[in-house]
Amino acid sequence: MKFNNHNVYISPSATLGKNVKVGDNTSILDNVVIGDNTIICNNCIIGEPLNDFYYSENYNNPETIIGSDSLIRSHTIIYCGNIIGNNFSTGHRVTIREKMKIGNHCRIGTLSDLQGFSVIGDYCWLHSNVHIGQQSKIGNYVFIYPFTVFTNDPHPPSNICIGPTVDDYTQIAVGVVLLPGVKLGKHVLVGAQSVVGKDIADYQLVVGNPAKPVKDVRELISRETGKSHYPWPYNFDRGMPWKDIGLDKWQQMNNK
Amino acid sequence: MKFNNHNVYISPSATLGKNVKVGDNTSILDNVVIGDNTIICNNCIIGEPLNDFYYSENYNNPETIIGSDSLIRSHTIIYCGNIIGNNFSTGHRVTIREKMKIGNHCRIGTLSDLQGFSVIGDYCWLHSNVHIGQQSKIGNYVFIYPFTVFTNDPHPPSNICIGPTVDDYTQIAVGVVLLPGVKLGKHVLVGAQSVVGKDIADYQLVVGNPAKPVKDVRELISRETGKSHYPWPYNFDRGMPWKDIGLDKWQQMNNK
Amino acid sequence: MKFNNHNVYISPSATLGKNVKVGDNTSILDNVVIGDNTIICNNCIIGEPLNDFYYSENYNNPETIIGSDSLIRSHTIIYCGNIIGNNFSTGHRVTIREKMKIGNHCRIGTLSDLQGFSVIGDYCWLHSNVHIGQQSKIGNYVFIYPFTVFTNDPHPPSNICIGPTVDDYTQIAVGVVLLPGVKLGKHVLVGAQSVVGKDIADYQLVVGNPAKPVKDVRELISRETGKSHYPWPYNFDRGMPWKDIGLDKWQQMNNK
């Protein structure tokens, strides 16, 4: 009921893998490459051109790559010049500007706004309405919750652009601001509405404005279980590569 | 000028009431039921299918009900499996995921993102860009202002999902975070950018991160009138069922 | 690749200047006037009608004016009754409700939500996801960063509507709330996630909830340069009218 090949535009220079489905009212523009079994839903624009397109006669749209087995939900805009891995999924109305490099198994939630020129590793989940400024670096297994912002201009407005860096397994709760250039270690947990202006060591729980470390996450006791939930990969494996294996065995198997 | 029956898709299994208007570029998908006199504007998707649709051969779209006399503004996405009352209205680009139960006379503002599996009573107004996580419960006459988030995971990421509960007449100002499982009483007023982690009794004004009760709302003096504005239903009746009757008489008439 | 004249609707009463381009799936509705060389991208609605359109037989769409040399990116909705200057640009999915007056050389970022009935001067840049409530007044050369909200109801819900006023050159960082009726002077700098409830004098840096002045911005020392970045027009001129001239000379030339 959604794939009626109705009002679809696919550029002659786009390359679609086997079994790719394209929703109604979607445009797939020049030099887009889409992997096998990927689904692009209704009203999307894939390969949105750069500004130059509007003003230059000799504009050539940079190549855009979306991996296999991905699901791009409706009204999503993905600019040209992005390289995105396999098993990627988006919510609705996601905007991804140019020159992102996004790994495998990532999920980008409804209304999230990625400003381009950033790197995201594997198995990252960005929930709804996350804003990632340019020059951000996000590791693997990082989860980011709604209305969180990665900033990059230390003296607005300036021409300096230094984005935050977030290491593996870190969790950033709702409404957080990461200030320009901050570095968060592994397994950090940032509390709701914190403003993080200083680098944070591994395993720290940080809260407040300005955010301060208050505890090692491994000391946090869950009201539900009476034990610590952290490091979370021991207690959560849905969609993760250590599913049904356990973190320790998976790490051994992969020499991590 | 908006209803030209241009590029409209209506599923054969959809049921439209009398005098329903459907905007250009809108799709009304399988098993959607729309009440009399309802207007669906341009570029909407009503009855958006569940994930299974993309991967299962035998997928059957759950029934979606939108009541009568409603106005769904452009670019709104309403998933299948929702039951929505009469006199409903949305702003633009609203996303409502599956299995919400929404009462009569509710308004959901532009860009709001309802994650499904939640209950909203009658006469609730959610302004722009409100994010309601799964398993939330919202009473009647509750107003929620922009960039407020209802969260539900006490130890992110976990498989626990316990949403907040908000009772009748409560007002939640801009940029507020309700932490998982909190309960707000009746006539509560939550100040801008508060983070609410503890249950709040009726009539409390709460502010801060973490939010603390600071006053009974009935003691708040309005700069404009020199009297208390609260309980607000004595001083605001636009669109409310006690309009032109007054709260007391309306309550008597309705045994409340 | 984007201007295929595919599924475009242009009202007979719309007036398009020379060399205007209109993207696929875009509707330009009654009484819209668009200046020369302006580009309207895909899936936009320009001249979105007021509520009365849906319920009144004699509805006449108020005139909408968008100046010359502007770029409206995809999925943007601009209501009727707006007067917008030249060299205007929007990101994607911007919503601009009725009766705004917006000057020349303004930029409104992706997902920003302007609620109408407000005034914005020249050379203002609103980044992504800025929410401007009704009855706001914004001067010239004002920059506003993501998830900032201009509020207007001092006792929610009431029928009072008094928006904030922001004077020239002021910078408002991410996640800020301006409370109803506050006045910010010239060259103010508001820190991330501040809640501003009191009027702020020229050149103040304000931070916190509630926001308090902490310093004169001219005393802030840049880590990068060892000197103050403020007043910023001495150190930033991209897209500004003093570009390549310098602020002082430009002010002399313009008697400012």
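Because the structure is a prediction, the values reported are computed rather than measured.

Observations concerning unusual backbone geometry
Look at the link from P156 of chain B to P157 of chain B: it is a cis peptide, with omega at -10°. Assignment of secondary structure puts P157 of chain B in the loop between β22 (149–150) and β23 (165–166). The linkage connecting Y230 of chain C with the following residue, P231 of chain C, adopts the cis geometry, with an omega of 0°. Following the sequence through the fold, P231 of chain C ends up in the loop between β30 (212–216) and α2 (247–253). With phi around 65°, H75 of chain A is a residue other than glycine that occupies positive phi space. With respect to the secondary-structure elements, H75 of chain A resides in the loop between β9 (71–72) and β10 (77–79).

A word on the nonpolar core
Residues W232 of chain A, W232 of chain B together with W232 of chain C are the most contacted members of the largest nonpolar core, which totals 66 residues. At the level of elements, α2 (247–253) of chain A, α2 (247–253) of chain B together with α2 of chain C are the ones that each hand at least two residues to this core. When sequence neighbours within four positions are dropped, the list of residues in contact with W232 of chain A reads Y141, F143, Y169, Q171, M240 and W242 of chain A together with P157 of chain B. Residues C44, I132, I138 and I144 of chain B belong to the second largest nonpolar core, which totals 43 residues.

Comments concerning the interface of chain B and chain A
With 49 residues of chain B at the interface, the matching set in chain A holds 39 residues. Put simply, chain B and chain A have 18 residue pairs in polar contact (both at pLDDT 80 or more) between them. Going through the elements one at a time, β7 (45–48), α1 (52–55) and β10 (77–79) of chain B are the ones with two or more residues in the side of chain B that touches chain A. Here the residues of the side of chain B that touches chain A sort into 23 nonpolar, 22 polar and four charged.

Description of the interface of chain A and chain C
Accessible area lost upon the coming together of the parts is a frequently used measure of interface size. Listed per partner, the contact involves 49 residues of chain A and 39 residues of chain C. In total, chain A and chain C occlude about 3,400 Å² of area from one another, counting both sides; carbon and sulfur atoms represent 57% of this. Between chain A and chain C we count 18 residue pairs in polar contact (both at pLDDT 80 or more) in total. Elements with a contribution of two residues or more to the side of chain A that touches chain C: β7 (45–48), α1 (52–55) and β10 of chain A. The residue makeup of the side of chain A that touches chain C, split by class, is 23 nonpolar, 22 polar and four charged.

What to know about the pairing of strand β30 (residues 212–216) of chain B
Residues and elements named next belong to chain B. Across four bridges, strand β29 (residues 204–207) lies against β30 in antiparallel orientation. In the strand pairing of β30, Q204 is matched with D216. Joining the antiparallel neighbours β29 and β30 is a turn of four residues, in which G208 adopts a positive phi near 100°.

Describing the confidence of the model for chain A
This prediction gives chain A a mean pLDDT of 96; 100% of its residues lie at or above 70. The complex prediction reports pTM at 0.97, with the ipTM value standing at 0.96.

Quick notes on the sheet that holds strand β28 (residues 195–196) of chain C
All names here are of chain C. Pairing is parallel across the open sheet formed by ten strands, whose spatial order is β1-β4-β7-β10-β13-β16-β19-β22-β25-β28. Among the strands making up the open sheet, the edge pair consists of β1 (9–10) and β28. Note: strand β16 (residues 113–114) against strand β19 (residues 131–132), two bridges, orientation parallel. The partner of D113 across the bridge, within β19, is H131.

Looking at the environment of V176 of chain B
All names here are of chain B. By the secondary structure assignment, V176 is in the loop between β24 (171–172) and β25 (177–178). In this structure V176 comes out as buried when scored by relative accessible area, which is 0%. Each C-alpha atom, one on V176 and one on D248, is 31 Å from the other, the two residues being 72 residues apart in sequence.

Structural notes on the relation of the copies chain B and chain A
Superposition record for chain B on chain A: RMSD 0.0 Å, screw rotation 120°, translation along axis 0.0 Å. The superposition operator between the copies reduces to a three-fold rotation axis. Among all C-alpha atoms of chain B, that of F147 of chain B lies closest to the rotation axis, at 4.3 Å.

Some details on the state of the cysteines
Residues and elements named next belong to chain C. This model, assessed by the stated rule, comprises zero disulfides over all chains. Note on C44: no disulfide assigned, nearest cysteine sulfur contributed by C41 at a separation of 6.4 Å. Accessibility expressed as a relative area gives 1% for C44, which makes it buried.

Digging into the environment of A173 of chain A
Residue and element names in this part refer to chain A. For A173, the location among the structural elements is in the loop between β24 (171–172) and β25 (177–178). Each C-alpha atom of the pair A173 and Q193 lies 7.5 Å from the other, and the pair is 20 residues apart in sequence. If sequence neighbours within four positions are ignored, A173 has contacts with Y145, T148, V190, G191 and A192.

Digging into empty space enclosed by the protein
Per the stated rule, a full pass over the model turns up two cavities of 30 Å³ or more. Reported here for the largest cavity is a volume of approximately 180 Å³. Contributing to the lining of the largest cavity are 18 residues, with F147, G175 and Q193 of chain B together with F147 and G175 of chain C lying nearest its centre. Each residue belonging to the lining of the largest cavity can be placed in one class, and the counts come to twelve nonpolar, six polar and no charged. Taken as a whole, the second largest cavity holds about 40 Å³ of empty space. Taken together, Q171, H187, V188, L189, V217, Y230, P231 and W232 of chain A make up the full set of residues lining the second largest cavity. Classifying every residue of the lining of the second largest cavity gives six nonpolar, two polar and no charged.

Comments concerning the relation of the copies chain A and chain C
With an RMSD of 0.0 Å, chain A superimposes on chain C once it is rotated by 120° and translated 0.0 Å along the axis. Mapped onto chain C, only 18% of the interface residues of chain A again fall at the interface, so the copies present different surfaces.

Notes on the side chain of H155 of chain B
Along the chain, H155 of chain B falls in the loop between β22 and β23. Among the residues examined, H155 of chain B registers a relative accessible area of 12% and is labelled buried. A distance of 2.7 Å separates polar atoms of two side chains, one belonging to H155 of chain B and the other to E224 of chain A. Setting aside residues no more than four positions away along its own chain, H155 of chain B makes contact with S222, R223, E224, H229 and Y230 of chain A together with I160 of chain B.

The rules behind these values
Residues numbered from 1 in each chain as written. Chains lettered and ligands numbered in written order. Predicted model: local features only at pLDDT ≥ 70, side-chain atom pairs only at ≥ 80, totals over all residues. Heavy atoms only, no water. Helix = DSSP H or I, 4+ residues; strand = E, 2+ residues; numbered from the N terminus. Core = buried A, V, L, I, M, F, W, Y, C linked by side-chain atoms within 4.5 Å. Buried < 20%, exposed > 50% of the residue type's maximum accessible area, 1.4 Å probe, protein only. Contact = heavy atoms within 4.5 Å. Polar contact = N/O pair within 3.5 Å; in protein donor to acceptor, adjacent residues only side chain to side chain. Nonpolar A, V, L, I, M, F, W, Y, C, P; charged D, E, K, R; others polar. Buried area = accessible area lost by both parts, 1.4 Å probe. Pairing = 2+ DSSP bridges. pLDDT = per-residue confidence, 0-100. Least-squares fit on C-alpha atoms with pLDDT ≥ 70 in both. Disulfide = S-S within 2.5 Å. 1 Å grid on protein atoms, 1.4 Å probe; cavity = no way out; pocket = protein on both sides within 12 Å on 5 of 7 lines; lining within 4 Å. Points joined across faces, edges and corners; volume = space filled by probe spheres on them.

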